[in-house]
Amino acid sequence: MADAHPRIPRRLVAAVPGWTTSADVVVVGSGIAGLTTALRLRQRVDRVLLVTKTVLNEGSTQWAQGGIAAALDPGDSPAEHLHDTLVAGCGLCDVGAVTALVHEGPERVRELVALGAEFDLDAEGELKLTREGGHRRDRIAHAGGDATGREISRALIAALHRVKDDPGIEVIEHALVVDLLQDDRSRVCGVTLHVIGEGQMDGVGAALSRAVVLATGGLGQVYSATTNPPVATGDGMAAALRAGAVLADVEFVQFHPTVLWLGAGSSGQQPLISEAVRGEGAFLVDRDGVRFMKGLHPLADLAPRDVVSRAIVDRMRELGEDHVFLDARHLGRAFLEERFPSIVARCRELGFDPATDLLPVAPAQHYASGGVRTDLHGRSCLDGLYACGEVSCTGVHGANRLASNSLLEGLVFAHRIADDISARLAAGELPQGTPVATEQTLPSAVAELVPLDEGGVDRAGDGVALLDGSARVQVQAAMTRGSGAVRSAESLAAAAESLTALAAAATSTEPSPDSWETTNLLHVGQVLTLAAALREETRGGHVRTDYPEQVDPRWRVRTILGRRPDGTVGHTFEPVAAQDLL
Ligand code: SIN
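Quick summary incoming for the structure in this document.

Scoring rules and cut-offs
Residue numbers here run from 1 along each chain, matching the order of that chain's written sequence. Only residues with pLDDT of at least 70 are given local features in this predicted model, and only at 80 or more are side-chain atom pairs given and counted; all residues enter the totals for whole chains, interfaces and linings. For side-chain calculations, the full set of non-hydrogen atoms in the structure is used, while hydrogens and water are omitted. For the purposes of this entry, the term helix denotes a DSSP run of H or I that reaches at least four residues, the term strand denotes a run of E that reaches at least two, and both are numbered from the N terminus. Radius of gyration: C-alpha atoms only; globule rule: 2.2 Å multiplied by the number of residues to the exponent 0.38. Relative accessibility thresholds used throughout: buried, under 20% of the residue-type maximum; exposed, over 50%; partly exposed, between the two (1.4 Å probe, protein chains only). Contacts are assigned to residue pairs with any non-hydrogen atoms lying within 4.5 Å of each other. The Shrake-Rupley method, run with a 1.4 Å probe, gives the accessible areas here. Residue values count only the displayed protein chains as cover. To be near a molecule or strand, a residue needs just one of its heavy atoms within 4 Å of it. Here a polar contact is taken to be a pair of N or O atoms separated by no more than 3.5 Å, where protein atoms must pair a possible hydrogen donor with a possible acceptor and residues adjacent in sequence count only if both atoms sit in side chains. Each helix should span, by expectation, one fewer than its residue count multiplied by 1.5 Å. Axes are fitted to the seven residues ending at a residue and to the seven starting at it; the angle between these axes is taken as the bend at that residue.

## So, the overall build of the protein
Part 1 of the reasoning: Of regular secondary structure, the protein possesses 14 helices and 23 strands.
Part 2 of the reasoning: Over its C-alpha atoms the protein spans a radius of gyration of 22 Å, differing by no more than 12% from the 25 Å that the globule rule assigns to 582 residues.
Part 3 of the reasoning: Along the first, second and third principal axes, the C-alpha set of the protein runs to 65 × 55 × 45 Å.
Part 4 of the reasoning: Taking all 582 residues of the protein together, the buried fraction comes to 61%.
Part 5 of the reasoning: Pairs at least 24 residues apart make up 74% of the contacts formed inside the protein by residues separated by at least 6 positions.
Part 6 of the reasoning: Total accessible area computed for the protein in this model is approximately 20,600 Å², and 52% of it derives from carbon and sulfur atoms.

Below is the structure:
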């Protein structure tokens, strides 16, 4: 494989910070993970700074349709939710992380209701619960029919506005975090960020803090077509990688089976048709009307997402087509309009009526199951750096995230992180560090990836050129062709070669949000492609045509990647204990 271990610079080229601010904790991102962390921390520490790349409600949370999964029904139990999550994760979940998720989840959802989130209720005033792929119980709470994320985001932002005059919490919008600041022991002590503003906080600045929480969401824009919003450019994962944090499971990218197909070449954020539509009885058919999920899996159209996506890709290939169809017509106009108002409206805007038309659908990128590796308190391997939500890898998702577990993960781990940081601050464990220009020592998790004769001296350093924003489509095309829904050694080598060539051709591009984002996409694309090339099997969201055998027991390992001091990316594999569930 070409350039098996890509080189990643220590930091992005950026102006020297022209201004400085400080806080106890900087939280980066304003989806469910970032907002919940900031609000909970605010009750416990003196000063929290929340920074977000555009405006508060632009992230992926806003777009979540289906809902939030939790064992809220008296007939359900955390043990059953645990079981379904482990099965969907294809043997690679961290059982401790999933146990925390499913046991703490119900209480966290009730707290969200108490905070003001208005979920859909039944005639008795109880939460209405529905089902999605991989769940054997109705356990998905939803709001506004299919606008769950929008309602959760609204409620959390309203709670933030209620404390907006509080000097202990500050929000900076239009603030792209460029890199992490570190002290002479590699401890994270703040961020550099670019603010599109006027007055004191304009251009590149430094926000010093005793802890940083990355809640920056996903990386969907590394592909040509995704359900993710334009802000999902992998910034947090890329910054953590450059700083020396280790990543896990990044090869496991979830492709959502039912994304409205808008024609070949359609790119950017694509319209999602929630799995909840199948949860209410819609089903997939091919162009001949054949229900191809029947008999393929005991849960048929509601099999876990990776199973359904793979079946669609196989059927499309057999028929030489680029889409299949979702049939929701039998659900009836009145039900569809009441239960899925946003989806119906969007489909109609685009010329399809779910009440009368078959909907053309095909898989598109939806979720990064891996990310910055964390423990059960959201701590990364770099002291002072935490990660929460899609940017993180707690191990909750394994090789394939169970539907509607993502909002829950953000919520549950935001609480854990806020509690951990406030306890450590109170114990004096997170002193404010002084940023230095180069890392002096290695965190042990990275040291394990490399021979220590490197001496810990940063030799790859600064000065590596940024990619011009115009290269973004080339990164996306290389990733989609080579590291997309279906991969092989050949396709991955071609992707790695294209990305290396793009990096090599980079010239002295002016630093700008566009060039920083595009370079972040390059770095994330390079490590994802490396991880996908290393894993020689098909499992969950990782499909290899040259290794079609599914869930090969020799690969019951987690792929760990990190940037070595010479700038190359190193890897190791970490065994995962057998789970007797599959
Ligand atoms: C969906 O509504 O199908 C998406 C929900 C999720 O990604 O968990």
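## What to know about the site of the ligand
Part 1 of the reasoning: In the region of the ligand, the neighbouring residues are Q65, G66, E132, H256, S274, E275, R305, H366, R401, A403 and S404.
Part 2 of the reasoning: A distance of 2.9 Å separates an oxygen atom of the ligand from a polar atom in the backbone of G66.
Part 3 of the reasoning: At 2.6 Å from an oxygen atom of the ligand is found a main-chain nitrogen or oxygen belonging to S404.
Part 4 of the reasoning: Against a free-state accessible area of 260 Å², the protein chains account for coverage of 95% of the ligand.

## Considering helix α3 (residues 95–115)
Part 1 of the reasoning: Look at α3: 29 Å from first C-alpha to last across 21 residues, which is about the 30 Å you get at 1.5 Å a residue.
Part 2 of the reasoning: A maximum bend of about 45° is found in α3 at G105, where proline P106 lies one to four positions downstream.
Part 3 of the reasoning: Among the residues of α3, A97, V98, A100, L101, V102, G105, P106, R108, V109 and L112 are the ones counted as buried.
Part 4 of the reasoning: Near the N-terminus of α3, the side chain that reaches the backbone nitrogen of G96, with its oxygen 2.9 Å away, is that of D94.
Part 5 of the reasoning: Looking one or two places after α3, you find G116, whose phi comes out positive at around 125°.

## Let's talk about helix α7 (residues 305–319)
Part 1 of the reasoning: With 15 residues, α7 should reach 21 Å at 1.5 Å per residue; the first-to-last C-alpha distance of 21 Å fits that figure.
Part 2 of the reasoning: Here α7 has its buried residues at R305, D306, V308, S309, R310, A311, I312, V313, R315 and M316.
Part 3 of the reasoning: Contacts from the buried residues of α7 go to β14 (253–260), α6 (275–279), β16 (283–285), β17 (324–327) and β18 (359–368).
Part 4 of the reasoning: Directly after α7, the chain includes G320, whose backbone phi takes a positive value near 65°.

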